[in-house]
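An overview of the molecular structure
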Amino acid sequence: MEKMIIVGTGCSGLTAAIYAARANFAPLVLEGHEPGGQLSTTTLVENFPGFPEGIDGPSLVMNMKSQAERFGARFEYATLTDFEAANGHIKAKLDERWVETETLIIASGASAKWLGLPREKELIGHGLTSCATCDGAFYRNVPVCVIGGGDSACEEANFLTRFASKVYLIHRRDSLRASKIMAERTLANPKIEILWNSIPTEYIADAEGEMRAIKLTNSVTSHEHELEVKCVFVAIGHNPNTKAFRGKLDMDADGYLIQHNGTHTNVPGVFASGDVADRTYRQAITAAGQGCAAALDAERYMSHHG
Ligand code: NAP
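Residues numbered from 1 in each chain as written. Predicted model: local features only at pLDDT ≥ 70, side-chain atom pairs only at ≥ 80, totals over all residues. Heavy atoms only, no water.

On to the site of the ligand, then. Close contacts around the ligand come from 19 residues, with Asp 151, Ser 152, Arg 172, Arg 173 and Arg 177 the closest. A distance of 3.4 Å is found between an oxygen atom of the ligand and a side-chain nitrogen or oxygen belonging to Gln 283. With the chains in place, 78% of the 910 Å² that the ligand exposes on its own is no longer accessible. The element contributing the most residues to the shell around the ligand is helix 5 (residues 151-160), with 3 residues. For the shell around the ligand, the residue count by class is 4 nonpolar, 9 polar and 6 charged. (Near = heavy atom within 4 Å. Polar contact = N/O pair within 3.5 Å; in protein donor to acceptor, adjacent residues only side chain to side chain. Areas by Shrake-Rupley, 256 points an atom, 1.4 Å probe, with all protein chains shown as cover. Helix = DSSP H or I, 4+ residues; strand = E, 2+ residues; numbered from the N terminus. Nonpolar A, V, L, I, M, F, W, Y, C, P; charged D, E, K, R; others polar.)

What follows is the structure in structure tokens.
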């Protein structure tokens, strides 16, 4: 019987792990599909308090993980695939193994959205990616493009200018959604060209199956053209990772978990924290704050239930 299982090792799950481990619960923390969460594919994080010069995302999560381990958190490369809860008992399926736990904190985050164009799956890893930090360095001195107009797209476009000969930012509207500082930085970068009102309609591969170009349609003029790029970086937002909880936990129409009274879900003993339940703020610091709250809520739940 575990006291606490934490699903996810983004900054929400890791903050929950630090608090729970420090309270002597020796939580079992599941790394899941994307160890380190979204921060592990982020470049410089400039807005996490305490780092005046910024810190790179992977270092930030590694620091949090070491901090949790120092107090006794246990990490396992497993994914929660199912869970059952009845009469105050929670059973969690970790890959193929069922484990009983007193509390469950779900901090499984959100994963990158794709455009849904034909050939998308086969081109991933062949000039199509959602992670500039992971793949940017492979595309030196060649033109690339980023799809999206939010903070992620702008951040990725700026990062890619370190390697690529030219970065096209392809946005479906005529103004950026990104925060003012990020938008200004992007507009001022001479290596970035923004293609406004541009809708991607087709990926075009070469004879070897590698990305060669992307077809765009201008939503104002209906003009179509092919843009020659060696890599397409998709940065159009995320979907919450809640597949395993469908029909079991309250969620909204887009699959974000619904919290009742702090981080409690509708199932006693099960808590939700971070991007899996937050469609409003979605920041590293707010996810970390919710991780702390979930660990405290779980601790209080356990003390009320003996
Ligand atoms: P986002 O803010 O939801 O932006 C997604 C962008 O993709 C929007 O510009 C959207 O266009 C576009 N888009 C969505 N679906 C599309 C489709 N099917 N085809 C073409 N374009 C599409 O997502 P995000 O940029 O990942 O940011 C998520 C959150 O994380 C935000 O709160 C952001 O502030 C935060 N974030 C912060 C930082 C930082 O502070 N360093 C870095 C990254 C992210 P529309 O604008 O037309 O809707």
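Moving on, there is more to tell.
Before going further, it helps to examine unusual backbone geometry. Residue Asn 87 is not a glycine yet carries a positive backbone phi of 50°. Of note, Asn 87 is situated in the loop between strand 6 (80-86) and strand 7 (89-94). Looking at Asn 87, the relative accessible area reads 77%, which means it is exposed. (Buried < 20%, exposed > 50% of the residue type's maximum accessible area, 1.4 Å probe, protein only.)

A separate point is the sheet that holds strand 14 (residues 198-205). Pairing in this open sheet of 3 strands is antiparallel, and the strands run 14-15-16 from one edge to the other. In the strand order of this sheet, the two ends are held by strand 14 and strand 16 (224-228), each with one partner. On average, adjacent strands in this sheet sit at an angle of 30° to one another, irrespective of strand direction. Pairing of strand 15 (residues 211-218) with strand 16 involves 5 bridges; the strand directions are antiparallel. Within the sheet, the bridge partner assigned to Lys 215 lies in strand 16 and is Glu 226. (Pairing = 2+ DSSP bridges. Axes fitted to C-alpha atoms, helices over the stretch in contact; angles between N-to-C directions.)

Turning next to the packing of helix 5 against helix 6 (residues 180-188). With their axes 9 Å apart at the nearest point, helix 5 and helix 6 run at an angle of 35° to one another. Between helix 5 and helix 6 the crossing geometry is left-handed. In this structure, helix 5 contributes Asp 151, Cys 154, Glu 155 and Asn 158 to the contact, and helix 6 contributes Met 182, Arg 185 and Thr 186. Looking at the contact of helix 5 with helix 6 residue by residue, the class counts come to 2 nonpolar, 2 polar and 3 charged. (Left-handed = near helix turned anticlockwise from the far one by under 90°. Contact = heavy atoms within 4.5 Å.)

Here we come to the sheet that holds strand 12 (residues 166-170). Strand order across the open sheet formed by 5 strands is 10-17-11-12-13, with parallel pairing between neighbours. A single partner strand is all that each edge strand has here, and the edge strands are strand 10 (128-129) and strand 13 (192-195). Where strand 11 (residues 143-147) meets strand 17 (residues 231-234), 4 bridges bridge the pair, whose relative direction is parallel. Counterpart to Ile 147 in the pairing with strand 17 is Val 234. Running over the sheet, helix 5 touches strand 11, strand 12, strand 13 and strand 17 and is turned about 165° from strand 11.

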